[in-house]
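# Geometric and topological summary
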Amino acid sequence: MVITKDIVKEKKPKTPAKKVQKKLAEALSSHHPVLAVPYSEAIASTTRDTESSKIKIPTPPENFVPTILSLADIGKKRYIEGIGRRKTATARVRLYPGKGQWVVNAKAGTVYFSKQQLQTAVSPLVQLRREKEFDVSIKVSGGGPVAQAVAVRHGLSRALLLENEAHLPVLKPLGFLTRDPRAKERKKFGLKRARRAPQFSKR
């Protein structure tokens, strides 16, 4: 049987699911990290003009800092954001101008972390003697409390470096800007754990 154009029916494209439509709408409404405009405007502005054959890109505002971790506005407050990681823990740290208040997952920092873990998390600000200049908002997930504290320290150091590049000679030698790659190895077949072999019995 020969398939011709008359036999093949034209299939209409399926409409995306409601979840996909919702995510697409959220993505289009979010801001472009470089152009500082919504993605929908950025996509519409990058249409190629047939007469001039040039791509029209809106110029970013003068006070915009083109970094990977963007400086954004929430109401009247500006914040600087840094992402930190350790093992399977991920922390999103936001710095606001303030008086040294800490909020971790909608709880006070002294409630969420123990005293020793909080000292680890705050150490970048303590080293720079700026612990009373910022209010810190943190959302952390995954891992245990120790890994989360180190992830917060990593994200806080990155945010402070975006705030002022002069902090680099202080933070880098202490290892606060280095992503610690150490993590638990996977279990191997034939072994009890990652490297622990079963006990050998000669007799």
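Residues numbered from 1 in each chain as written. Predicted model: local features only at pLDDT ≥ 70, side-chain atom pairs only at ≥ 80, totals over all residues. Heavy atoms only, no water.

## Some details on the overall build of the chain
When helices and strands are counted, the chain shows 6 helices and 6 strands. In sequence order, the chain lays out its α and β elements as α-α-β-β-β-β-β-α-α-β-α-α. Here the chain holds 203 residues, and 27% of them are scored as buried. Of all intrachain contacts in the chain linking residues separated by at least 6 positions in sequence, the fraction that spans at least 24 positions is 57%. Entry remark: accessible area of the chain is about 15500 Å², with carbon and sulfur atoms responsible for 56%. (Helix = DSSP H or I, 4+ residues; strand = E, 2+ residues; numbered from the N terminus. Buried < 20%, exposed > 50% of the residue type's maximum accessible area, 1.4 Å probe, protein only. Contact = heavy atoms within 4.5 Å. Areas by Shrake-Rupley, 256 points an atom, 1.4 Å probe, with all protein chains shown as cover.)

## Comments concerning helix 5 (residues 145–163)
The end-to-end C-alpha distance of helix 5, which contains 19 residues, comes to 27 Å, matching closely the 27 Å that a straight helix rising 1.5 Å per residue would cover. Residues of helix 5 that are buried include every one of Ala-147, Gln-148, Ala-149, Val-150, Ala-151, Val-152, His-154, Gly-155, Leu-156, Ser-157, Ala-159 and Leu-160, and no others. (Expected span 1.5 Å × (residues − 1).)

## Regarding the pairing of strand 6 (residues 134–141)
When strand 3 (residues 89–97) meets strand 6, the two strands line up antiparallel, connected through 8 bridges. By the bridge assignment, Val-93 is partnered in strand 6 with Ile-138. Alignment of strand 4 (residues 102–104) against strand 6, held across 3 bridges, turns out to be parallel. From the neighbouring strand, Val-104 faces strand 6, where its bridge partner is Ile-138. (Pairing = 2+ DSSP bridges.)

## Considerations on the nonpolar core
Counting 27 residues, the largest nonpolar core has Trp-102, Leu-125, Ile-138, Val-152 and Leu-160 as the members making the most contacts within it. Looking at this core, the elements that each hand over two or more residues are strand 3, strand 4, helix 4 (115–128), strand 6 and helix 5. Here this core takes 7 residues from helix 5, the largest share from any one element. (Core = buried A, V, L, I, M, F, W, Y, C linked by side-chain atoms within 4.5 Å.)

## Points about the side chain of Asp-180
By the secondary structure assignment, Asp-180 is in the segment after helix 6 (168–171). Using a relative accessible area of 18% as the deciding quantity, one classes Asp-180 as buried. A polar side-chain atom of Asp-180 sits 3.5 Å from a polar atom in the side chain of Arg-86. (Polar contact = N/O pair within 3.5 Å; in protein donor to acceptor, adjacent residues only side chain to side chain.)

## Re the packing of aromatic side chains
What the rule picks out here adds up to 2 aromatic pairs. Centre to centre, the rings of Tyr-79 and Tyr-96 are 5.6 Å apart; their planes meet at 50°, and the pair counts as tilted. With Tyr-79 in strand 2 (residues 77–86) and Tyr-96 in strand 3, this pair connects stretches of sequence that are 17 residues apart. Across the pair, exposure class does not vary: Tyr-79 and Tyr-96 are buried alike. On the numbers, 5.1 Å between centres and 90° between planes, the contact of Tyr-112 with Phe-113 is edge-to-face. A relative accessible area of 26% places Tyr-112 in the partly exposed class. On the basis of relative accessibility, which here comes to 4%, the residue Phe-113 falls in the buried class. (Phe/Tyr/Trp six-rings, centres within 6.5 Å; stacked < 30°, edge-to-face > 60°.)

## Describing the confidence of the model for the chain
With 64% of its residues at a pLDDT of 70 or more, the chain shows a mean pLDDT of 77. Low pLDDT, under 50, characterises residues 46–76; the predicted model gives this stretch 40 contacts beyond four residues in sequence or across chains. (pLDDT = per-residue confidence, 0-100.)

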